[in-house]
Amino acid sequence: MQRGVMFALAAASFMLAGVSVAADNIEGLARTCNNCHGFNGVSAGGAMPSIAGLPEAYLKNIMTEWKTGKRASANMTRLISGYTDDEIAGLAQYFSKLPWVPVAQKTDPKLVERGRQATQSCAGCHGPTGKAVMPGTPNLNGQLAKYIELELRKYKDEAFAMPSMMMRMAVKPIKDEDIPAIAEFYASQK
Amino acid sequence: MSAYNRREFIKAVAATSSVSALSFPSLAQTKAAARVVVIGGGYAGATAAKYVKLLDNKIDVTLIEPNKTYVSCPLSNEVIVGHRDIKTIEYSYDGLKKRGVNVLHDLVTGVDRAKKMVTTQEGKKLPYDALVMSPGIDFLYDQIEGYSEKLVEQFPHAWKAGPQTLQLKKQLEAMPDGGVFVIVVPRAPFRCPPGPYERASLVANYFKHHGKNKSKVIIMDANDSHSKKGLFNQGWAKLYGWEKEGLGTKGMIEWVKGAEGGLVTKLDAKTKTVSSDFVEVKADVLNIIPAHKAGRIAFEAGLVGTEGNNFEKGWCKVEPMTMASALDPDVYTVGDACVAGEMPLYGNPGAAFDMPKSAHIAITQAKVAAAAIVARLSGLKPPEPYFVNTCYSMVGDDYGISVAHLYRVIDGKFKYIPAGSGVSMINMPDKSPVPPIYRKLEAEYVDGWIRNVLADAFA
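Basis of the calculations
Residues numbered from 1 in each chain as written. Chains lettered and ligands numbered in written order. Predicted model: local features only at pLDDT ≥ 70, side-chain atom pairs only at ≥ 80, totals over all residues. Heavy atoms only, no water. Helix = DSSP H or I, 4+ residues; strand = E, 2+ residues; numbered from the N terminus. Buried < 20%, exposed > 50% of the residue type's maximum accessible area, 1.4 Å probe, protein only. Contact = heavy atoms within 4.5 Å. Areas by Shrake-Rupley, 256 points an atom, 1.4 Å probe, with all protein chains shown as cover. Pairing = 2+ DSSP bridges. pLDDT = per-residue confidence, 0-100. Phe/Tyr/Trp six-rings, centres within 6.5 Å; stacked < 30°, edge-to-face > 60°. Lys NZ or Arg CZ within 6 Å of the ring centre and 35° of its normal. Axes fitted to C-alpha atoms, helices over the stretch in contact; angles between N-to-C directions. Expected span 1.5 Å × (residues − 1). Parallel < 35°, antiparallel > 145°, perpendicular 65-115°, else oblique. Nonpolar A, V, L, I, M, F, W, Y, C, P; charged D, E, K, R; others polar. Buried area = accessible area lost by both parts, 1.4 Å probe. Salt bridge = Lys/Arg side-chain N within 4 Å of Asp/Glu carboxyl O. Polar contact = N/O pair within 3.5 Å; in protein donor to acceptor, adjacent residues only side chain to side chain.

K.L.:
Sorry if this is basic, but what is going on with the overall build of chain A here?
P.N.:
When helices and strands are tallied, chain A shows 10 helices and zero strands. Scanning chain A from its N terminus toward the C terminus, one meets helices and strands in the order α-α-α-α-α-α-α-α-α-α. When burial is assessed residue by residue, chain A has 54% of its 190 residues classed as buried. Looking at chain A alone, contacts between residues at least 24 apart form 67% of all its contacts between residues at least 6 apart. Carbon and sulfur atoms make up 60% of the accessible area of chain A, which totals about 8300 Å².

K.L.:
Sorry, what's going on with the pairing of strand β21 (residues 328-333) of chain B here?
P.N.:
Residues and elements named next belong to chain B. Taken across its six residues, β21 has five buried, putting it largely inside the fold. Alignment of strand β9 (residues 130-133) against β21, held across three bridges, turns out to be parallel. Looking across to β21, one finds that L131 is bridged to V331. Sheet analysis places strand β20 (residues 324-325) next to β21, joined by two bridges and oriented antiparallel. Within the sheet, the bridge partner assigned to A324 lies in β21 and is Y332.

K.L.:
Got a minute to help me understand the confidence of the model for chain A in this structure?
P.N.:
Low-confidence regions, as indicated by low pLDDT, have predicted coordinates that should not be scrutinised in detail. Mean pLDDT for chain A: 89, with 88% of residues reaching 70 or above. Confidence drops under pLDDT 50 across residues 1-22 of chain A; counting only partners more than four residues distant or on other chains, this segment forms 35 contacts.

K.L.:
How should I be thinking about the packing of aromatic side chains in this particular structure?
P.N.:
Here the distance between the centres and the angle between the planes together describe a pair of aromatic rings. Residues and elements named next belong to chain B. Taken as a whole, this structure holds 17 aromatic pairs over all chains when the rule is applied. With centroids separated by 5.7 Å and ring planes inclined at 40 degrees, the aromatic side chains of F232 and W236 adopt a geometry described as tilted. With F232 and W236 both in helix α7 (residues 229-240) and four residues apart, the pair spans about one turn of that helix. As far as the burial class goes, F232 and W236 line up, both buried. With 5.1 Å between their ring centres and 65 degrees between their planes, W236 and W242 make a pair best called edge-to-face. Looking at W236, the relative accessible area reads 0%, which means it is buried. Following the ring pairs from residue to residue traces out a cluster consisting of Y43, Y70, Y91, Y93 and F458. One Lys or Arg, K293, reaches over the ring of F299 and ends 5.4 Å from the middle of that ring. The ring of W315 is capped by K357, whose NZ or CZ atom sits 4.0 Å from the centre of that ring.

K.L.:
Whenever I open this one, the sheet that holds strand β13 (residues 253-256) of chain B confuses me. Can you help?
P.N.:
Remark on secondary structure: sheet strands pair via backbone hydrogen bonds, oriented parallel or antiparallel. Residue and element names in this part refer to chain B. Spatially, four strands are ordered β13-β12-β11-β17 in an open sheet, and the strand pairing comes out parallel. Strands with a single pairing partner mark the edges of an open sheet, and in this sheet they are β13 and β17 (285-288). Along the sheet, successive strands turn relative to each other by an average axial angle of 15 degrees, direction set aside. Inspection of the sheet shows strand β11 (residues 180-185) paired to strand β12 (residues 216-221) by six bridges, in the parallel sense. Bridging across to β12, I183 finds its partner in I219.

K.L.:
I would appreciate a short explanation of helix α5 (residues 85-97) of chain A in the present structure.
P.N.:
Residue pairs spaced three or four apart in an α-helix point in one direction, given the helix's 3.6 residues per turn. A rise of 1.5 Å per residue sets the reference length of α5(A), with its 13 residues, at 18 Å; its end C-alpha atoms lie 18 Å apart and thus fit the reference within 8%. Within the span of α5(A), buried status applies to A:E87, A:I88, A:G90, A:L91, A:A92, A:Q93, A:Y94, A:F95 and A:S96.

K.L.:
What's the story with the packing of helix α2 (residues 26-37) of chain A against α5(A) in this structure? I'm lost.
P.N.:
Relative placement of two packed helices is described by the angle separating their axes and the distance separating the axes. All names here are of chain A. Where α2 meets α5, the closest approach of the two axes is 10 Å, and the angle between their N-to-C directions is 75 degrees. In terms of orientation, α2 and α5 fall into the roughly perpendicular class. Between α2, through I26, E27, L29, A30 and C33, and α5, the contact on the second element is made entirely by E87, G90, L91, Y94 and F95. Partitioned by chemical class, the residues of the contact of α2 with α5 number seven nonpolar, one polar and two charged.

K.L.:
What am I meant to see in the interface of chain A and chain B here?
P.N.:
Many structure descriptions define interface size as the accessible area lost when the parts assemble. Taken together, the contact between chain A and chain B spans 49 residues of the former and 57 residues of the latter. Interface area, chain A with chain B, both sides summed: about 4300 Å², of which 62% is carbon and sulfur. At the junction of chain A and chain B, the tally comes to three salt bridges. With a closest N to O distance of 2.7 Å, A:E87 and B:R408 form a salt bridge. At the junction of chain A and chain B, the tally comes to 20 residue pairs in polar contact (both at pLDDT 80 or more). When residues of the side of chain A that touches chain B are traced back to their parent elements, those giving at least two are α1 (3-18), α2, α4 (76-80), α5 and α8 (145-156) of chain A. Looking at which element gives the most residues to the side of chain A that touches chain B, the answer is α2(A), with nine residues.

Written out as structure tokens, the structure is:
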């Protein structure tokens, strides 16, 4: 990581400590997230998404929806429900200040091309390469392929509560067989 | 370049702990090259070494570990049944070296706590300002009559990953249809509380996929309950014909609890038969997991409890805020060797409370210790600690389950936080069955988890 980033990071935590966040040690709490979401929130692989550099409001909203039961999850609801609202806000702020780092992944050029075609309707918010153009929208360029695939399957599965109506509508026309291609396309983008 | 800036970290710690800003001048008195020695390069030791270095690059950090390659115990059950190559759970120490940790492949032979000095087999003498003790576990081979350390090749425990894992895999593969695979589970506490039951699940899964449908897994359990029991039973019913507890029951998996003869006290090695007060079971493959205690060097260093119950005697007690040993403020005991936390123990309500011995919690313990060490070497109070656990188990194809734990320190004591803890849903809140996508997601998270915890500790 770049040195300037380190300073920004440390400064962010310092600032947090200065404001009235009930949690004493957001950086320490955030370090426990590294276990699964990767060092400084950049995933080392598999189905675990990178969380560094995502929009603060987006991160806070998801965690809050888990805590209040609006959003389904296989496991995050349990962990997040143990954190105070201030801790959730602190984590969202902390990770949003870190840089978005696309993760290099092995991808299949044919699938990537198919994915490019299948994602044209996503570009309005997520940008043509997954670099979000709409405020509050998560980046998808270099996000983990397995995660994107599973996320799309969650949106398509009626049994899994995903509250974003916009995403549910957007995902509806996507064919099941295009899902891995879409995941590979975004994963391949820098 | 390290990811954290020392001065800023210390400022943050100073601002968040009860130390006033007036203590900043004490930063100037920080020793230029404080020395931290880490004994043991498992998840806990590697993480502690890495994070001390990240938080303060000036600290001289030495990690001592005899093995050149680490083999993860988590997910080694998948290796036994051929779902994963052992290489996917191996990691070198090169990442730590690149971060400036001195990695010494050597064996610690002595810890002189009065002189604050560690000595090794190769004659090295390493002074320390803070010592991280993370030796993992050793086995008690004398709890079963007829069993001894010499028999571990014949009856692999596969509870330390590596050659033992591959040995058990070989035995499983050679077992004919109709054979009996017996898992002997020791009394708690043992590392990876759901591990034996995941192993049983995956072995049954192996039988199904390899035309060995007449085979059985029998779990002889010293305990009367176990981790994620409701979830395992539900999965076993769905996938392996499970109906109920006890010996001779229907289905591929039989679970015999301690009170009903599961507590194995004798082994007849010749006939591969294990027995308890009530029952006798003859095995084709016999997987004996011996009872545990803290690793050898923790005993030799005098850091181990000598009295109390199973959860106190043989384990290292720690201070909640810092993970420092209750017996020595200069030693930080992290990982499986320590006893920490407060948790209702499965089927053992009268017993002491212990954080599960898992890789995930070992890593968060090590991060707490690392921050506490750096703060202390800078003359500051330790920052607020958080202890988090997530532990996934595979029950079958596309079928994963998990348990999460959150602990805080409140009034100087470990406090288990039920709101931030719990197992995967057994049923939906309206009592309807859990849709398959939930189990599928957790099965996928298993692979994501191992990649990330290995990288977090070793990369």
